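Letter by letter, the chains look like this.
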Amino acid sequence: FLFLAFISEITGPYGSRFNMKMRRTNIALPVFMAALVSLLAGCANIGNPSGGPRDEDPPRLVSANPPPGSLGVNRTKMVLQFDELVNVKDAFSKVVVSPTSRSVPRVSSLGRKVTVEFDSLAPNTTYTVDFADAIEDNNEANTLQGFTYTFSTGQTLDSLRISGRVLGARDLEP
């Protein structure tokens, strides 16, 4: 801008047409810059974003490897994928695996995944992993209540039901 003003001063009477163009440029440039600055300054809002409505829904299971209810499972690592970031809270005391074994399965979470690792699995056995209220979302701590994961190492999935008749010991009557 200063350079243009300097050129208009040194051109003299021979550059009158040039001087007129420079004068228009000298006036137009500051007006354009002022308009641009006021336009850009009006776009910015100072403050924190609202973040949207509060999340009140617990995490949902999206996929599992192997899927729940699978038969003939021979792997010792199970991966459960959820629809949001999750934490497993107090896994040692809240997560119950049936049937029990000598070694406790390792339960961990990372991002949207929960991993359950067994040292070994017994053949022809139905396993149920009961998470109770151990799984919660990362941001609002909404817990997934009563979530269980079941699979079998055999070709049938046990119903975990017992049926029969109870008879009296003395007279064998119901």
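In case you missed it, the structure is sitting above this.
Being a predicted model, the structure only gives us computed values, none of them experimental.

**Q** Hey, could you run me through the overall build of the protein in this one?
**A** In terms of regular secondary structure, the protein is built from three helices and nine strands. When the helices and strands of the protein are read in sequence order from the N terminus, they spell out α-α-β-β-β-α-β-β-β-β-β-β. Here the protein, with 174 residues, has 26% of them falling under the buried criterion. Partitioning the intrachain contacts of the protein with sequence separation of at least 6 by distance along the chain shows that 61% fall at a separation of at least 24. Of the roughly 12,800 Å² that the protein leaves accessible, carbon and sulfur atoms contribute 56%.

**Q** Sorry if this is basic, but what is going on with the packing of aromatic side chains here?
**A** Per the counting criterion, the structure on display carries six aromatic pairs. Relative to Phe-151, the ring of Tyr-127 lies with its centre 5.4 Å away and its plane at 15 degrees, an arrangement referred to as stacked. Placement of Tyr-127 in strand S7 (residues 126-132) and of Phe-151 in strand S9 (residues 147-152) is noted, with a sequence separation of 24 residues between them. Of the two residues, Tyr-127 and Phe-151, both sit in the buried class. A connected cluster of aromatic rings, assembled from ring pairs, spans Phe-118, Tyr-127, Tyr-149 and Phe-151.

**Q** Would you explain the sheet that holds strand S2 (residues 77-82) in this entry?
**A** Strands pair in a sheet through their backbones, by hydrogen bonds, and they do so in one of two ways: parallel or antiparallel. As summarised here, the arrangement of the four strands in space is S1-S2-S6-S5, forming an open sheet in which the pairing is antiparallel. Sheet topology places strand S1 (61-65) and strand S5 (106-110) at the edges, where each strand pairs with a single neighbour. Between one strand and the next, the sheet's axes are offset by a mean angle of 15 degrees, whatever the strand orientation. Where S1 meets S2, four bridges bridge the pair, whose relative direction is antiparallel. Among the inter-strand pairings, Asn-65 is bridged to a residue of S2, identified as Val-79.

Parameters at a glance
- Residues numbered from 1 in each chain as written.
- Predicted model: local features only at pLDDT ≥ 70, side-chain atom pairs only at ≥ 80, totals over all residues.
- Heavy atoms only, no water.
- Helix = DSSP H or I, 4+ residues; strand = E, 2+ residues; numbered from the N terminus.
- Buried < 20%, exposed > 50% of the residue type's maximum accessible area, 1.4 Å probe, protein only.
- Contact = heavy atoms within 4.5 Å.
- Areas by Shrake-Rupley, 256 points an atom, 1.4 Å probe, with all protein chains shown as cover.
- Phe/Tyr/Trp six-rings, centres within 6.5 Å; stacked < 30°, edge-to-face > 60°.
- Pairing = 2+ DSSP bridges.
- Axes fitted to C-alpha atoms, helices over the stretch in contact; angles between N-to-C directions.

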